[in-house]
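As a plain string of letters, each chain reads:
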Amino acid sequence: MVLGAPAADLAAQVTASWSPFRDAGPTNQLPQVPQVPQAVEDTGFDVPDPSVRVPGVAVPVPRDLDVEFVPPTVPRGIIHSYTPPPAPCGGYSSPRRIVPAIVPGVGSATLSWMADSDNDVVRGYRVQAVSQQLVTGLQPAPPQQLVAQRDDCGEVSTTMTGLTSGVPYVFWLEEQVWDDEAQLMEFVQVGSTSPVVIG
């Protein structure tokens, strides 16, 4: 039995393909077909033994494939909620803003606010009453008052007198802080009030 031209072309194409083959012989020779063994059963057809190896015909060798299933990456879990500890002497904002509470009186005003917890830096406070009534020429210097820092957390208060009744004032609050780098004391404004009319 001799293979025809189409079978020879097919054998050449299979041999030229890239893959690990078993029993691949020279590709420049026509495959030699062995003698067909006896049929397994007398069915009228001659069935060749599947274990017969045909020289010159490249037979692909099945290879194991390693398939790894990667599940989709989906973030999951519980979002933690964090509660900061109680702020010492009130307030975490930076820069810190202190809005003093104010009670106007007759020719006076009483201010109160929560002390700053940084006792090593804050040495005291200065309150200035800035009049909102303009005058001709140079404006007079606003009345001011120094208040000492307390050793613990708590309310600091002061009463300013000598104010003009019926005149609105805005009160500025400054902290007297020690600048360790410059080795000097300075005032830093940390808060102010809305205009308040003195009684």
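Our focus in this paragraph is the pairing of strand 7 (residues 155-161). By the alternation rule, side chains of strand 7 split into Val 156, Thr 158 and Met 160, which are all buried, and Glu 155, Ser 157, Thr 159 and Thr 161, of which none is buried. Of the pairings in the sheet, the one linking strand 4 (residues 108-114) to strand 7 comprises 7 bridges and is antiparallel in character. When the bridges of strand 7 are listed, Ser 112 appears paired with Ser 157.

Attention shifts here to unusual backbone geometry. Positive phi, close to 55 degrees, is recorded for Gln 183, a residue that is not glycine. Here Gln 183 lies in the loop between strand 8 (168-179) and strand 9 (184-192).

Quick look at the pattern of salt bridges now. This structure, assessed with the given rule, holds 2 salt bridges. Ionic pairing is found between Arg 126 and Glu 174, a salt bridge with its closest N-O pair at 2.8 Å. Linking Arg 126 in strand 5 (residues 122-131) with Glu 174 in strand 8, this pair joins segments that are 48 residues apart in sequence. As far as the burial class goes, Arg 126 and Glu 174 line up, both buried. A salt bridge links Asp 152 to Arg 150; the nearest nitrogen and oxygen atoms lie 2.9 Å apart.

Pairing within the open sheet is antiparallel, and its 3 strands lie in the order 3-4-7. Two strands close off the open sheet at either side, each with one partner strand: strand 3 (101-105) and strand 7. For this sheet, the mean angle separating the axes of adjacent strands, direction not counted, is 15 degrees. As paired elements, strand 3 and strand 4 share 5 bridges and run antiparallel to each other. Across the sheet, the residue bridging to Ala 101 is Ser 112, located in strand 4.

On to the layout of surface pockets. In this structure, the second largest pocket spans a volume of roughly 260 Å³. Taken together, 15 residues form the lining of the second largest pocket, with Ser 131, Gln 133, Pro 140, Pro 143 and Tyr 169 sitting closest to its centre. For the lining of the second largest pocket, the leading source of residues is strand 5, giving 3 residues. Split into classes, the residues belonging to the lining of the second largest pocket amount to 10 nonpolar, 5 polar and no charged.

Trp 113, Tyr 125 and Phe 171 are the most contacted members of the largest nonpolar core, which totals 20 residues. When residues no more than four places from it in sequence are discounted, the contact partners of Phe 171 are Ile 102, Ala 109, Leu 111, Val 127, Gln 128, Ala 129, Met 160, Leu 163, Gly 191, Ser 192, Thr 193 and Ile 198.

Per-residue confidence for the protein gives a mean pLDDT of 75, with 56% of residues at or over 70. Under a pLDDT of 50 for its full length, residues 1-5 has, in the predicted model, 2 contacts with residues more than four places off or in other chains. Every residue in residues 14-24 scores below 50 in pLDDT, and together they form 18 contacts with partners more than four places removed in sequence or on other chains.

A few words now on the side chain of Glu 175. Take Glu 175: it is sitting in strand 8. Look past the residues within four positions of Glu 175 in its chain and what remains in contact with it is Ile 98, Asp 116, Val 122, Gly 124, Tyr 125, Glu 186, Phe 187, Val 188 and Val 190.

Conventions and cut-offs
- Residues numbered from 1 in each chain as written.
- Predicted model: local features only at pLDDT ≥ 70, side-chain atom pairs only at ≥ 80, totals over all residues.
- Heavy atoms only, no water.
- Buried < 20%, exposed > 50% of the residue type's maximum accessible area, 1.4 Å probe, protein only.
- Helix = DSSP H or I, 4+ residues; strand = E, 2+ residues; numbered from the N terminus.
- Pairing = 2+ DSSP bridges.
- Salt bridge = Lys/Arg side-chain N within 4 Å of Asp/Glu carboxyl O.
- Axes fitted to C-alpha atoms, helices over the stretch in contact; angles between N-to-C directions.
- 1 Å grid on protein atoms, 1.4 Å probe; cavity = no way out; pocket = protein on both sides within 12 Å on 5 of 7 lines; lining within 4 Å.
- Points joined across faces, edges and corners; volume = space filled by probe spheres on them.
- Nonpolar A, V, L, I, M, F, W, Y, C, P; charged D, E, K, R; others polar.
- Core = buried A, V, L, I, M, F, W, Y, C linked by side-chain atoms within 4.5 Å.
- Contact = heavy atoms within 4.5 Å.
- pLDDT = per-residue confidence, 0-100.

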